[in-house]
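Architecture and fold: a report
Each chain is listed here by its residues.
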Amino acid sequence: MIFSALSILASGQAWAQSATESSVTQYASTLPPTNYDWTGFYAGGQLGYIGADTNLSGIDGDDWIGGLNLGYDYDFGTWVLGGGFDYDWTDVSLGSSASIDDIWRLRVRAGYKVNEGLLYGVGGYAEASVSTLGSDDGWFIGGGYEHVVNGDVSVAGELLYHEFNNFNGSTVDVDATTIQVRAAFRF
């Protein structure tokens, strides 16, 4: 009797262990990989908010901003380095006579991998178009966090500061801050 009781107890523990391992394995297979490889091209879009200021009294504005992005990242293990291009449309009214129409950027970013995420800094060249002043080049700097939703899609939040001094040869300086949510298909 003792032998029968011990064999029943042992078979019950073995069954419970295999059921638990099966559940854990099944759950783990639905999660993104824990050491995601960021190497490759991406393309996507972004949507957010822009606030712009000038050195002229009372000439500033804010509005929605959105556009497209594409680029390439290379994964070095713990660190990721990449480059890309962004184009954003907007209609930020700067008083009654001028508005910011668009901004495009050539960007370089470097980031530190955090599980399936990337905490990064970004900066580079920017060009903005203002309806009455034409277009001019400047620079931008910022940071963000990007997270892999599944193997092909990532989402990010990003904050950027832009500066355009003596816009198109005028004495007007334009500064802009954007906060955006980005989504990209990675391939």
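The notes below deal with the structure included here.

This paragraph deals with the sheet that holds strand β8 (residues 174–186). Reading around the barrel, the eight strands line up as β1-β2-β3-β4-β5-β6-β7-β8 and close back on themselves, with antiparallel pairing between neighbours. Direction aside, neighbouring strands of the sheet carry axes that sit 25 degrees apart on average. As judged from the 14 bridges shared by strand β4 (residues 99–114) and strand β5 (residues 117–130), these two strands associate in the antiparallel manner. Directly across from D102, in β5, lies its bridge partner S129.

What follows is about the side chain of D136. Its location among the elements puts D136 in strand β6 (residues 134–148). Although D136 lies buried, it forms no salt bridge, and the closest oppositely charged side chain, R105, sits 15 Å away as judged by the N-O distance. Separated by 3.0 Å, the side chain of D136 and the backbone nitrogen of N168 make a polar contact. Residue contacts for D136: discarding those within four places in its chain leaves A126, E127, A128, F164, N165, N166, F167 and N168.

Quick look at the environment of W89 now. Inspection of the secondary structure puts W89 in strand β3 (residues 79–93). If sequence neighbours within four positions are ignored, W89 has contacts with W64, I65, G66, G67, L68, D101 and D102.

A positive phi angle is found at N115, which is not glycine, with a value near 55 degrees. By the element assignment, N115 lies in the loop between β4 and β5. The exposure class assigned to N115 is exposed, which follows from its relative accessible area of 55%.

A few words now on the pairing of strand β2 (residues 60–75). Summarising the sheet, strand β1 (residues 40–54) and β2 pair through 14 bridges and their orientation is antiparallel. Among the inter-strand pairings, I50 is bridged to a residue of β2, identified as D63. What sits between the antiparallel neighbours β1 and β2 is a turn of five residues, in which G58 has the positive phi angle 75 degrees. Where β2 lies against β3, 11 bridges are found, and the strand directions are antiparallel. Within β3, the residue paired with Y72 across the bridge is G83. Where β2 folds back onto β3 in an antiparallel hairpin, the turn is made up of three residues, including G77, whose phi is positive at roughly 115 degrees.

Here we come to the pattern of salt bridges. In this structure the tally under the stated criterion is 11 salt bridges. The partner of E146 in a salt bridge is R109, and the shortest N-O contact between them spans 2.8 Å. Taken together, the residues span a long stretch of sequence, with E146 in strand β6 and R109 in strand β4 at a distance of 37 residues. The exposure class assigned to E146 is buried, which follows from its relative accessible area of 6%. Relative accessible area serves as the criterion here: at 6%, R109 is assigned to the buried category. A salt bridge links R186 to E146; its shortest N-O distance comes to 3.2 Å. With R186 in strand β8 and E146 in strand β6, the pair connects residues that are 40 residues apart, well separated along the chain. A relative accessible area of 5% means that R186 is categorised as buried. Several salt bridges converge on common partners, so that one network encompasses D86, D88, R105, R107, E158 and R182.

Analysis parameters
- Residues numbered from 1 in each chain as written.
- Predicted model: local features only at pLDDT ≥ 70, side-chain atom pairs only at ≥ 80, totals over all residues.
- Heavy atoms only, no water.
- Pairing = 2+ DSSP bridges.
- Helix = DSSP H or I, 4+ residues; strand = E, 2+ residues; numbered from the N terminus.
- Axes fitted to C-alpha atoms, helices over the stretch in contact; angles between N-to-C directions.
- Buried < 20%, exposed > 50% of the residue type's maximum accessible area, 1.4 Å probe, protein only.
- Lys, Arg positive; Asp, Glu negative; His and termini not counted.
- Salt bridge = Lys/Arg side-chain N within 4 Å of Asp/Glu carboxyl O.
- Polar contact = N/O pair within 3.5 Å; in protein donor to acceptor, adjacent residues only side chain to side chain.
- Contact = heavy atoms within 4.5 Å.

Read these as spatial facts, not as claims about activity.
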